Amino acid sequence: MTNPEDDYDLPALDIALAGTPFVGNIRYFPSIHSTNVLAMREAEEGAPEGMVYLADEQTAGRGRGAHGWHSARGAGLYVSILLRPQVAPADILWLSLAAGLAVREAVRQVTSLEADIRWPNDLLFGKKKFCGILTELNAEVTRVRHAVVGIGINVHQESFPGELGLIASSPRSETGRSWARQDLLIALLQSLYREAQALSAETARAAANILSRLEGASTWIRGRQVHVDEGPGYSGVTAGLDARGFLRVRTAQGLRTVHSGGVRDE
Ligand code: BTN
């Protein structure tokens, strides 16, 4: 499943990322509990914007909600990026949505594969997920102190056992060939940097741009019959995003907004 020749080359990363705040700020771990946990801890202790925490393996990878993220050695790209965006806490969802677009763009650049985005930011090939994003936040009511964007991409898995085969994928299992994590990481960090900069420079304009790109990139934003895993759960048809980037779902009882749960096909 793993690809022993797909090691990261840190000096080459620094050269490829010239002009971004990530240069000289990439910390690599052969094995770590969770890059997100370390990034959040160090951010609180004053680590600078642009720190990148990269691991070959995570022993306690964190997913959204109560989920974990299986992070087998060498099989995937596991990275957390520390940002201090100049946006209001109420606008931070746009950063997380933009991270989904950044991964989509990176995967397209490197592999030519077109991924779908399931709100808020699962990346799928068809109906099978290959990337998850966990954005964690430290904020006052009116000010974001820091955000950590944690990204896990299945890269080298050739296949998935049992039931997982129905819901999980990787660029390798889609194309039958392997792709370098280094290339994916460079394209991803460049793309994420552009997104974060645009959001900090002019949030309303960037949000409108993210929204219009998402409408084109995701089959989940409008007109899709979904089940929402929130509280007791409910069903409806997706009806676009609201002004803060939350998903609206039209139900028999009226329009509802998905706040914390994920959505899935009925
Ligand atoms: C999801 O549940 O879909 C989000 C998964 C996010 C996983 C990544 S892997 C790198 C970073 N470190 C973590 O502990 N989690 C994120």
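Everything that follows concerns the structure shown earlier in this document.
This text gives an overview of the structure that appears in the document. (Residues numbered from 1 in each chain as written. Predicted model: local features only at pLDDT ≥ 70, side-chain atom pairs only at ≥ 80, totals over all residues. Heavy atoms only, no water.)

What to know about the site of the ligand
Moving on, step 1. Around the ligand sit 19 residues, and of these Ser-34, Gln-58, Arg-62, Arg-64 and Lys-129 come closest.
Moving on, step 2. Measuring from a nitrogen atom of the ligand, one finds a backbone N or O atom of Asn-36 at 3.4 Å.
Moving on, step 3. The side chain of Gln-58 places a nitrogen or oxygen atom 2.9 Å from a nitrogen atom of the ligand.
Moving on, step 4. Out of a free accessible area of 420 Å², the ligand has 98% covered by protein chains.
Moving on, step 5. Breaking the shell around the ligand down by element, the ones donating at least two residues are helix 2 (35-44), strand 3 (76-83), strand 6 (128-139) and strand 7 (144-154).
Moving on, step 6. The greatest single-element share of the shell around the ligand, amounting to four residues, is contributed by strand 6.
Moving on, step 7. Partitioning the shell around the ligand into residue classes produces five nonpolar, ten polar and four charged. (Near = heavy atom within 4 Å. Polar contact = N/O pair within 3.5 Å; in protein donor to acceptor, adjacent residues only side chain to side chain. Areas by Shrake-Rupley, 256 points an atom, 1.4 Å probe, with all protein chains shown as cover. Helix = DSSP H or I, 4+ residues; strand = E, 2+ residues; numbered from the N terminus. Nonpolar A, V, L, I, M, F, W, Y, C, P; charged D, E, K, R; others polar.)

Details of the nonpolar core
Moving on, step 1. Counting 67 residues, the largest nonpolar core has Leu-77, Val-79, Ile-81, Val-103, Trp-119 and Ile-151 as its most contacted members.
Moving on, step 2. If we ignore the near neighbours within four places in the chain, the residues touching Val-103 are Leu-123, Cys-131, Ile-133, Ile-151, Ile-153 and Leu-188.
Moving on, step 3. If you look at the next biggest cluster of nonpolar residues, it comprises twelve residues, including Phe-29, Leu-38, Met-40 and Tyr-53. (Core = buried A, V, L, I, M, F, W, Y, C linked by side-chain atoms within 4.5 Å. Buried < 20%, exposed > 50% of the residue type's maximum accessible area, 1.4 Å probe, protein only. Contact = heavy atoms within 4.5 Å.)

Quick notes on the sheet that holds strand 6
Moving on, step 1. The strand order across the open sheet formed by seven strands is 1-2-3-7-6-5-4, and the pairing between neighbours is mixed. Taken across any chain shown, the strands that pair with only one partner, and hence form the sheet edges, are strand 1 (26-29) and strand 4 (116-118). Direction aside, the axes of adjacent strands within the sheet are offset by 20° on average.
Moving on, step 2. Bridge count for strand 3 against strand 7 is eight bridges, and the pairing is antiparallel. The residue bridging Leu-82 from the neighbouring strand is Val-148, located in strand 7.
Moving on, step 3. Lying over the sheet, helix 2 contacts strand 1, strand 2 (52-55), strand 3, strand 6 and strand 7, oriented at roughly 165° with respect to strand 7. (Pairing = 2+ DSSP bridges. Axes fitted to C-alpha atoms, helices over the stretch in contact; angles between N-to-C directions.)

Brief notes about the pattern of salt bridges
Moving on, step 1. Per the stated rule, a full pass over the model turns up 17 salt bridges.
Moving on, step 2. Across the salt bridge formed by Arg-145 and Glu-140, the nearest N and O atoms sit 3.7 Å from each other.
Moving on, step 3. Taking the relative accessible area as the measure of exposure, Arg-145 reaches 36% and is therefore partly exposed.
Moving on, step 4. Asp-229 is the salt-bridge partner of Arg-264, the closest N and O atoms lying 3.2 Å from each other. With Arg-264 in strand 12 (residues 263-265) and Asp-229 in the loop between strand 8 (222-228) and strand 9 (234-241), this residue pair connects regions lying 35 residues apart in the sequence.
Moving on, step 5. You can call Asp-229 partly exposed: its relative accessible area is 39%. (Salt bridge = Lys/Arg side-chain N within 4 Å of Asp/Glu carboxyl O.)

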